[in-house]
Amino acid sequence: MKALVLSGGLGTRLRPFTHSMAKQLVPVANKPVLQHCLENIRQIGVREVGVVVGDRAADIRAAIGDGSELGLRVTYVHQEQPLGLAHAVLVAQDFLGDDDFVMYLGDNVLADGITAAAATFEQRRPDAQLLVVKVPDPRQYGVAVVDRDRVVRELAEKPAAPRSDLAVVGVYFFTAAVHNALRGLRPSARGELEITDALQIMVEGGELVTAEEYTGYWKDTGSVNELLECNRALLERITPSVRGHVDAESTTFGTVVVEPGAVVTRSRLVGPLVVGADSVITGSYLGPSTAVGNGCVVTDSHVEDSILLEGADVSGVRELRGSIIGRWARVSATGEQHSLVIGDHASAEVAA
């Protein structure tokens, strides 16, 4: 089996961050979302991975390289424009050949892995297998209608009147049968080649398409709020480890990670939280659900439920909550509590 990881797309809901970085590289719990995906793929024994890239190809290549550090062999597949999930499969056909493959959307986090789903696919051998979750409002997702035997009877992409509450998660298992369904596929009203349309062709053609309900933690990290929620969930799963320096005047409580090279002085750290390598925390309170990236500086500040990307500098801020601070951004204080979403290289002042 191979893997196809989709890492193109514009990430418009994550602007301003995606003006200067691929949305799949935004970190949760101090690890790029794309890396979470690749680690799940490695866990099911797949080593050959095709990564579909677009305008941010150079950034993704710089972050992932040839995949060897993750125990993978990565081939990059260029998609000129983000013309849909089915289009990504079409442009990757030379890489995929006739092999089975798992297609994984590079902005989806499945914190409990996909091992069980992979095993079910191997045992049952359907032509295609979807992962689905029950959601209260499925209108923003691909929706599957499934019978008692977990056989998919109907699929629709973002229907106005859903016939099911089962949303299709961004992980699909395919045999080579999907390639026949892609031939002659026409763009949808959105102007894209939809994978749900290809799957519906398979269903109508009598091929076996099944669905597995995913009961673990899943999040499509397409917006700031979703990133923060995902960050909270993943930090709940970390293992405490203090490999940096925490001085005698500082205290830690709960699940705290301090990476090598980080220096913490006169501060209180309350987990779950992680302080990235080479960061400097001085005279500050870092509270639960906080991820401080590598090389950050936090001075005389109170920060919780936030993500600080690499090189961010926060100084004199009394209370910072529910915020994402971009790479090398500087935040300093002037008077009241603020919640901030600040893009790369920005400089902001908030009330002290």
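Residues numbered from 1 in each chain as written. Predicted model: local features only at pLDDT ≥ 70, side-chain atom pairs only at ≥ 80, totals over all residues. Heavy atoms only, no water.

**Some thoughts on helix α1 (residues 33–43)**
Within α1, eight of the 11 residues are buried, leaving the element largely enclosed by the surrounding structure. Of the residues one or two after α1, Gly45 is the one with positive phi, at around 90 degrees. (Buried < 20%, exposed > 50% of the residue type's maximum accessible area, 1.4 Å probe, protein only. Helix = DSSP H or I, 4+ residues; strand = E, 2+ residues; numbered from the N terminus.)

**Considerations on the sheet that holds strand β16 (residues 251–253)**
Judged by pairing direction, the sheet is parallel, and its five strands sit side by side in the order β16-β19-β22-β25-β28 without closing on themselves. The open sheet terminates on both sides in strands that have one partner only, identified here as β16 and β28 (320–321). The pairing of β16 with strand β19 (residues 268–270) spans three bridges and is parallel. Looking at the pairing, Thr251 lines up with Arg268 of β19. (Pairing = 2+ DSSP bridges.)

**Some words on the packing of aromatic side chains**
Within the structure shown, the criterion is met by four aromatic pairs. Aromatic side chains Phe101 and Phe174 sit 5.2 Å apart centroid to centroid with 35 degrees between the ring planes, which places their arrangement in the tilted category. With a gap of 73 residues between them, Phe101 in strand β6 (residues 101–105) and Phe174 in strand β11 (residues 166–174) connect regions that are remote in the sequence. The residues Phe101 and Phe174 share a single accessibility class, namely buried. Relative to Phe174, the ring of Tyr172 has its centre 6.0 Å away and its plane inclined at 5 degrees; by these criteria the two rings are stacked. (Phe/Tyr/Trp six-rings, centres within 6.5 Å; stacked < 30°, edge-to-face > 60°.)

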